[in-house]
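A structural walkthrough
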Number of protein chains: 2
Amino acid sequence: MSRLPTVHDVALAAGVSRQTVSNVLNAPDIVRPDTRERVREAIERLGYRPHASARRLRTQKSSTIGIRLDPMVDGISGSILDRFLHALTEQADAVGLRILLFTATSPEDEIRQFGRLIDGSDVDAFVLTSTFHGDPRTEWLIEHAQRFVTFGRPWGIDDMNDPRHPWVDVDGRAGVRDATESLLRRGLQRIGFVGWPGGSGTGDERRGGWVDAMQAAGLGEDLDRLQEAGVDTVAAGRDATSRLAARVPDLEAVVAASDSLALGAVVREQAALPVVGFDNTPVSAAMGFSSVDQRLGEVAEGVLALLEGAPDAPRHRLVTPELVIRSSHPPAVPDEP
Amino acid sequence: MSRLPTVHDVALAAGVSRQTVSNVLNAPDIVRPDTRERVREAIERLGYRPHASARRLRTQKSSTIGIRLDPMVDGISGSILDRFLHALTEQADAVGLRILLFTATSPEDEIRQFGRLIDGSDVDAFVLTSTFHGDPRTEWLIEHAQRFVTFGRPWGIDDMNDPRHPWVDVDGRAGVRDATESLLRRGLQRIGFVGWPGGSGTGDERRGGWVDAMQAAGLGEDLDRLQEAGVDTVAAGRDATSRLAARVPDLEAVVAASDSLALGAVVREQAALPVVGFDNTPVSAAMGFSSVDQRLGEVAEGVLALLEGAPDAPRHRLVTPELVIRSSHPPAVPDEP
DNA sequence: CTGACTCATTTGATCGTTCAAATTCGTGTA
DNA sequence: TACACGAATTTGAACGATCAAATGAGTCAG
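Below, the structure is looked at part by part. Here the structure is a predicted model, which is why all the values come from computation and not from measurement. (Residues numbered from 1 in each chain as written. Chains lettered and ligands numbered in written order. Predicted model: local features only at pLDDT ≥ 70, side-chain atom pairs only at ≥ 80, totals over all residues. Heavy atoms only, no water.)

1. Concerning the protein's contact with DNA strand D
Close contacts around DNA strand D come from 26 residues, with V7, Q19, S22 and N26 of chain A together with T35 of chain B the closest. Between DNA strand D and V7 of chain A there is a distance of 2.6 Å, counted from a phosphate oxygen to a backbone nitrogen or oxygen. R55 of chain A is positioned such that a nitrogen or oxygen atom in its side chain is 3.2 Å from a phosphate oxygen of DNA strand D. Within the residue set of the surface near DNA strand D, elements represented by two or more residues are helix 2 (18-26) and helix 4 (52-59) of chain A together with helix 2 (18-26) and helix 4 (52-59) of chain B. With five residues, helix 4 of chain A is the largest single contributor of residues to the surface near DNA strand D. (Near = heavy atom within 4 Å. Polar contact = N/O pair within 3.5 Å; in protein donor to acceptor, adjacent residues only side chain to side chain. Helix = DSSP H or I, 4+ residues; strand = E, 2+ residues; numbered from the N terminus.)

Dropping the structure here:
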């Protein structure tokens with residue numbers, strides 16, 4: 001197999017100079033249409049591909065996004081990152097960006113990795129997942145003037161609108177509100193909520209969606225009695241649902257903060273009650289219960305847009321999730337016209 | 001922030017030439033110990049990191065492994081790739097290799113991507129997952145003299161020992177045999193198997209492990225009656241278990257070819273029977289049933305070893321999985337001394 | 001017909017590293 | 001003393017692309 005063709009070879013073949021070839025690739029509009037076509041034809045004919053490393057050396061941009069591959073989280077929801085990664089990879093590819101993976105054992109270690117990757121000019125932007133209150137990583141990145149976007153909003157008081165911290169998040173509140181309203185619209189009223197213990201921003205938001213919908217429906221009385229909480233495992237979901245069902249014998253449905261909790265509810269209830277989960281994981285599909293889908297494609301799109309984005313463009317984006325209705329959902333009531 | 005230091009800066013600081021700095025990094029043994037130390041000190045002091053792209057341009061090696069990120073598979077088992085990826089990333093990093101992700105919509109598309117990545121000198125080796133009978137991808141890679149390793153053995157007749165096709169796989173047969181023997185050792189005898197429909201190499205191997213163990217225990221009579229099959233979903237697992245239980249009322253345990261099928265069995269049986277799955281996914285942990293762990297760390301290690309491996313080293317590796325026993329397993333019988 | 005101006009294209013230099021060949025230095029041998 | 005030899009180090013060139021500045025070809029007003 002002979003040497004791969006370079007800009008030089010293409011230039012020779014098309015009877016133009018190196019730079020013109022380069023321009024056809026990077027700034028087509030400044031090249032006269034007929035030359036452009038001739039060069040394109042030569043590129044095609046020779047099967048030329050720009051050498052990524054050479055380009056990166058010259059431009060001093062790696063066009064690569066670093067993302068930490070989390071150690072498998074406990075719950076079933078681990079696959080969200082997986083799907084997000086898939087969407088991100090696909091869309092990044094379309095705009096000429098690559099995804100470089102790395103691992104870390106702690107936030108501090110992750111910061112160490114940031115340094116390594118930046119110093120080696122391996123990446124020129126980061127995507128962070130699973131942000132938490134007082135996250136040292138974002139602070140470090142801001143301090144060191146690195147490009148990044150977080151999937152997950154910052155949970156500090158004022159951080160949400162800090163223009164130095166771009167973020168994309170899913171509007172969990174709206175998602176759970178939708179799910180609850182969907183059940184209300186079908187005539188159910190005693191709708192319980194199984195969530196996470198208070199204090200996690202994400203969890204509180206999701207609970208808030210349920211509260212919103214119940215109150216709007218004039219069912220704001222009994223909300224304390226109708227909710228239970230547990231850590232994000234199937235067992236906790238099952239137990240929480242048990243407690244709830246014991247306290248509210250005429251419970252009509254359960255909305256859960258995650259598919260893990262929802263699966264616990266489903267296992268416990270043996271499909272006697274409609275259950276709605278959150279994340280639309282393969283498990284919800286497999287078990288046939290409804291779930292709120294995070295629309296990770298849109299999240300990925302938002303992340304890339306913010307990474308590229310002009311400084312004056314909005315610095316964050318809230319994606320509205322979508323309720324996916326499955327067989328265990330109660331049948332729809334004919335809509336009012 | 002000022003410009004990052006280069007070999008030149010380090011050379012100046014240490015009072016040597018560029019090349020000596022380069023040698024300290026790439027061939028330390030040809031540099032005199034005291035010079036070496038002086039250069040190392042300068043590197044440390046300046047915080048120098050070699051520029052990855054420059055190095056790759058010069059050496060014409062990308063030190064990057066391409067791996068396709070599968071579109072989320074249906075079942076729960078999607079997380080295997082996830083965990084494999086994690087192990088691979090971690091270990092690759094340790095030997096100076098990077099992992100580059102890409103996506104593809106079909107094997108043909110994947111082959112197109114191979115071409116793209118090779119032509120752009122983005123990667124110099126591939127890791128393939130989910131190999132299947134008559135896989136066109138491996139053929140293409142062999143044809144085009146590309147370095148690669150598959151996770152999953154080739155299923156063609158003679159391919160297994162083809163030295164041009166290096167592979168690492170998990171010995172599913174041994175895993176299921178172990179699982180079955182573990183139940184036999186605890187005194188159970190009527191152990192059913194819920195597998196995939198015949199014809200998939202992996203599935204047939206796993207079934208084989210169950211057959212092996214049963215026959216070795218002198219229970220080879222009724223094997224046809226004791227097995228059922230279904231596609232790899234929770235629902236299929238539930239239904240297959242139902243059929244099995246209907247036919248074999250005194251069924252004592254179920255061994256399944258996957259955690260998806262196993263979950264179906266668990267849901268159906270409500271923990272009345274011990275169930276053993278395969279893959280040790282988070283779901284098995286969450287639901288508390290035993291499962292066979294693929295030891296993805298060892299698989300990753302094997303993959304990297306084969307990628308680097310000398311041509312005369314063994315061209316494939318079979319990893320023995322490990323049974324993870326959980327609460328739903330029957331209590332151990334005191335071992336014979 | 002000249003000069004100013006624009007648009008398209010070319011030329012030389014450069015990014016940071018490593019390869020290959022050249023140089024320097026110390027040491028042992030005839 | 002001279003010479004060869006090997007080890008340690010240095011020097012010039014190259015990898016393949018893009019940047020910045022220079023050149024060439026038209027076009028139009030004066």
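2. Side note on the protein's contact with DNA strand C
R18 and T35 of chain A together with V7, Q19 and Y48 of chain B are the nearest of the 25 residues found near DNA strand C. What you see for DNA strand C is that sugar and phosphate hold 56% of its atoms within 4 Å of the protein. With respect to DNA strand C, the side chain of S22 of chain B contributes an N or O atom lying 2.7 Å from a phosphate oxygen. Here a base nitrogen of DNA strand C sits 3.5 Å away from a polar atom, N or O, in the main chain of A54 of chain B. When residues of the surface near DNA strand C are traced back to their parent elements, those giving at least two are helix 2 and helix 4 of chain A together with helix 2 and helix 4 of chain B.

3. Digging into the interface of chain A and chain B
Contact with chain A, which involves 52 residues of that partner, is made by 51 residues of chain B. Buried surface at the junction of chain A and chain B, summed over both partners, amounts to about 4500 Å²; 62% is from carbon and sulfur atoms. Applying the counting rule to chain A against chain B returns six salt bridges. Linking chain A to chain B there are 10 residue pairs in polar contact (both at pLDDT 80 or more). Breaking the side of chain A that touches chain B down by element, the ones donating at least two residues are helix 4, helix 5 (79-94), strand 2 (98-102), helix 6 (107-119), helix 10 (234-247), helix 11 (259-269) and helix 12 (282-287) of chain A. Among the elements that take part in the side of chain A that touches chain B, helix 5 of chain A stands out by supplying eight residues, more than any other. Per-class residue counts for the side of chain A that touches chain B are 25 nonpolar, 15 polar and 12 charged. (Contact = heavy atoms within 4.5 Å. Buried area = accessible area lost by both parts, 1.4 Å probe. Salt bridge = Lys/Arg side-chain N within 4 Å of Asp/Glu carboxyl O. Nonpolar A, V, L, I, M, F, W, Y, C, P; charged D, E, K, R; others polar.)

4. Some thoughts on the relation of the copies chain A and chain B
Overlay of chain A on chain B (RMSD 0.5 Å): rotation 180 degrees, translation along the axis 0.2 Å. On the angle and the small slide along the axis, the relation comes out as a two-fold axis. Nearest to the rotation axis, the C-alpha of S53 of chain A is located 2.3 Å from it, this being the minimum over chain A. Taken as a fraction of all interface residues of chain A, those also at the interface in chain B reach 98%, which identifies the copy contact as same-surface. (Least-squares fit on C-alpha atoms with pLDDT ≥ 70 in both.)

5. Observations regarding the pairing of strand 5 (residues 167-170) of chain B
Residues and elements named next belong to chain B. Of the two faces of strand 5, the one holding W167 and D169 and the one holding V168 and V170 are both buried throughout. Relative to strand 5, strand 4 (residues 148-151) runs parallel, the two being bridged by two bridges. Counterpart to T150 in the pairing with strand 5 is W167. Pairing analysis gives four bridges linking strand 5 to strand 11 (residues 316-319), with the strands arranged parallel. Residue pairing for strand 11: V168 is matched across the bridge by R317. (Buried < 20%, exposed > 50% of the residue type's maximum accessible area, 1.4 Å probe, protein only. Pairing = 2+ DSSP bridges.)

6. Description of unusual backbone geometry
Although it is not a glycine, S130 of chain A sits at a positive phi angle of roughly 45 degrees. Tracing the sequence through the fold places S130 of chain A in the loop between strand 3 (125-128) and helix 7 (136-143). We classify S130 of chain A as partly exposed; its relative accessible area is 45%. The residue R295 of chain B is not glycine, and still its phi comes out positive at about 55 degrees. Within the secondary structure, R295 of chain B sits in the loop between strand 10 (290-293) and helix 13 (296-308).

7. Quick word on the packing of helix 6 of chain A against helix 7 of chain A
Residue and element names in this part refer to chain A. Packing of helix 6 against helix 7 leaves a shortest axis separation of 9 Å and a crossing angle of 25 degrees. Relative to helix 7, the element helix 6 is oriented roughly parallel. In the packing of helix 6 onto helix 7, the handedness of the crossing is right-handed. Across from P107, E108, E110, I111, F114, G115 and I118 in helix 6, the residues of helix 7 making contact are P136, R137, W140 and L141. (Axes fitted to C-alpha atoms, helices over the stretch in contact; angles between N-to-C directions. Parallel < 35°, antiparallel > 145°, perpendicular 65-115°, else oblique. Left-handed = near helix turned anticlockwise from the far one by under 90°.)

8. Section: helix 7 of chain A
All names here are of chain A. Along helix 7, the residues classified as buried are R137, T138 and L141. When helix 7 is viewed along its axis, its buried side chains cluster within an angular range of 95 degrees and face the same direction. Turned more than 90 degrees off the buried face of helix 7, the exposed positions are E139 and E143. (Arc of directions from axis to C-beta.)

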